[in-house]
Amino acid sequence: MRHFIDFSDLSLQEWETLYQRFEELLAHPGDFRDAARGRALGSLFYEPSTRTSFSFQAAMLRLGGGVFSMNDPGVTSVSKGETLKDTIIMCSGYADIIVIRHPCEGAALAASLHSRVPIINAGDGGHLHPTQTLTDLATIIRLRGGVSGLRIGLCGDLKHGRTVHSLVRALSSFEGCSLSLISPRELAIPDYLRAFLRSNGQRYVEVTGLEAILPQLDVLYMTRIQRERFADPSEYDRLKGVYVLTAGKLRGAKKDLLILHPLPRLDEISADVDADPRAAYFEQARLGMYVRMALLMRLLEQPARTLPPPTAGHPSHTCHNPLCVTARETYLPALIHSGFCAYCDKEVVL
Ligand code: NCD
């Protein structure tokens with residue numbers, strides 16, 4: 001059973017095939033209108049979403065499939081205390097494929113342990129968001145021909161931004177790009193990601209100022225400061241508004257700079273940038289539907305399981321990250337890889 005929990009679930013060869021399908025879908029969408037006829041997508045959103053949930057639903061409908069969805073856990077049995085495991089066992093009996101967004105880090109991996117059908121991670125807390133990464137990569141490749149040789153700046157809340165975490169990991173699997181990680185020191189990338197970049201030999205710099213580095217960038221990936229992930233609201237108030245990209249600041253930037261943003265944007269890109277031909281974030285959101293169509297088609301090609309897989313191991317509390325799914329779903333087996341929790345990637349201190 002193949003799930004899509006992070007970009008690394010695809011080989012680079014599979015990514016290339018997916019990208020080709022994405023281009024075919026864009027060029028000839030009508031050719032695929034029956035590709036998922038009779039199939040059902042279960043869309044489970046335990047956290048707010050606009051683009052991701054809409055684009056998945058639209059993707060499934062455009063492939064001829066159907067969708068049932070939970071957008072508010074408050075109106076389902078989740079509010080009565082149902083475990084993630086039980087919800088997934090039940091839903092995977094109704095759906096051919098499930099897309100899940102959840103506030104806990106590692107929730108999609110946890111769901112995949114109990115599902116008869118493929119699970120797609122649509123965001124697990126502040127951890128990962130790999131279908132946004134498919135969107136980001138497809139946009140860069142379509143508009144710039146590839147990622148090799150590009151200097152890519154990622155700016156904003158790099159600590160909590162799950163789109164950044166997934167994108168940085170994915171970019172490290174391609175040759176030849178360099179990363180400029182632009183954030184206040186308090187919102188720098190997590191340690192596990194820095195360790196990942198180092199062990200992969202990825203070229204990167206970490207800086208706090210946007211304006212000084214802007215003229216060197218080929219791609220600027222702006223992100224919002226993630227208010228909902230701050231333990232201390234006053235810390236959010238201190239850091240919000242730290243970066244604001246304006247038309248004026250773009251005067252010194254490259255003529256073919258690509259400005260991306262996973263959206264929603266708050267004030268980090270001012271409205272006067274929207275008319276700049278370098279602003280590609282709305283096109284990026286549009287392309288996201290097509291790349292999700294390609295992903296749904298790929299995962300739906302697999303036969304469904306008849307029974308959920310058994311889960312090996314014992315319940316554990318070895319992960320000390322309070323945001324890890326194992327803190328809430330305490331029946332989950334311990335999964336530790338080289339000293340890191342497989343659910344949330346945080347270091348496990350035994
Ligand atoms: C992002 C998310 O949910 O992580 N949005 C999205 O899916 N396009 C980014 C964000 O919320 O800031």
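Residues numbered from 1 in each chain as written. Predicted model: local features only at pLDDT ≥ 70, side-chain atom pairs only at ≥ 80, totals over all residues. Heavy atoms only, no water.

Participant: Could you give an account of the overall build of the chain, with specific residues and numbers?
Facilitator: Of regular secondary structure, the chain possesses 10 helices and 11 strands. For 350 residues, the compact-globule estimate of 2.2 N^0.38 gives 20 Å, and the C-alpha radius of gyration of the chain, at 20 Å, lies within 12% of that figure. C-alpha extents for the chain along the principal axes are approximately 60 × 55 × 40 Å. Within the chain, the fraction of its 350 residues that count as buried is 54%. As displayed, the chain offers around 15000 Å² of accessible surface, 53% of which is attributable to carbon and sulfur atoms. The averaged location of the 38 negative side-chain charges in the chain is 2 Å from the averaged location of its 38 positive side-chain charges. (Helix = DSSP H or I, 4+ residues; strand = E, 2+ residues; numbered from the N terminus. Rg over C-alpha atoms; globule rule 2.2 N^0.38 Å. Buried < 20%, exposed > 50% of the residue type's maximum accessible area, 1.4 Å probe, protein only. Areas by Shrake-Rupley, 256 points an atom, 1.4 Å probe, with all protein chains shown as cover. Lys, Arg positive; Asp, Glu negative; His and termini not counted. Charge placed at Lys NZ, Arg CZ, Asp CG, Glu CD.)

Participant: Go over helix α9 (residues 281–300) with me, naming the residues and quoting the values.
Facilitator: In an α-helix, one full turn covers 3.6 residues, which means residues spaced three or four apart are oriented alike. Taking 1.5 Å per residue as the helical rise, α9 with its 20 residues ought to reach 28 Å, and the 29 Å between its terminal C-alpha atoms agrees with that figure. Within α9, 15 of the 20 residues are buried, which leaves it mostly tucked inside the rest of the structure. (Expected span 1.5 Å × (residues − 1).)

Participant: Talk me through the environment of L10; I want residue IDs and the actual numbers.
Facilitator: Note that L10 resides in the segment before α1 (12–27). The sequence separation of L10 and L134 amounts to 124 residues, and the corresponding C-alpha distance is 11 Å.

Participant: How would you explain the site of the ligand if you had to name every residue and give the values?
Facilitator: Looking at the ligand, the residues that line it are R51, T52, R101, H129, Q132, R162, T163, R224, Q226, P262, L263 and P264. Contacts to the ligand include Q132, whose side-chain N or O atom sits 3.2 Å from a nitrogen atom. At 2.9 Å from a nitrogen atom of the ligand is found a main-chain nitrogen or oxygen belonging to P262. Protein chains bury 94% of the 320 Å² of accessible surface belonging to the ligand in isolation. (Near = heavy atom within 4 Å. Polar contact = N/O pair within 3.5 Å; in protein donor to acceptor, adjacent residues only side chain to side chain.)

Participant: So, α1: which residues are in play, and what are the values?
Facilitator: For α1, with 16 residues, the first-to-last C-alpha span of 23 Å sits near the 22 Å given by 1.5 Å per residue. All of the buried residues in α1 are W15, L18, Y19, F22, L25 and L26. Within α1, the buried residues cover an arc of 120° as seen down the axis, which keeps them to one side. Of the exposed residues in α1, the ones pointing more than 90 degrees away from its buried face are Q13 and A27. Tucked into the core, α1 has its buried residues touching α5 (130–144) and α9. (Arc of directions from axis to C-beta. Contact = heavy atoms within 4.5 Å.)

Participant: An account of the packing of α1 against α5 is needed here, citing residue identities and associated values.
Facilitator: Packing of α1 against α5 leaves a shortest axis separation of 11 Å and a crossing angle of 70°. Relative to α5, the element α1 lies roughly perpendicular. From α1, W15, L18, Y19, F22, E23 and L26 reach across to α5, where they touch L134, L137, A138, I141 and R142. Considered class by class, the residues forming the contact of α1 with α5 number 9 nonpolar, no polar and 2 charged. (Axes fitted to C-alpha atoms, helices over the stretch in contact; angles between N-to-C directions. Parallel < 35°, antiparallel > 145°, perpendicular 65-115°, else oblique. Nonpolar A, V, L, I, M, F, W, Y, C, P; charged D, E, K, R; others polar.)

Participant: Quick one: what's the story with the environment of L257, residue by residue and with numbers?
Facilitator: Among the secondary structure elements, L257 is positioned in the loop between α8 (233–239) and β9 (258–260). Along the primary structure L257 and R278 are separated by 21 residues, whereas in three dimensions their C-alpha atoms are 5.8 Å apart. Non-local contacts of L257, meaning those with residues more than four positions away in its chain, are made with R144, L214, L217, D218, V219, L220, L250 and R278.

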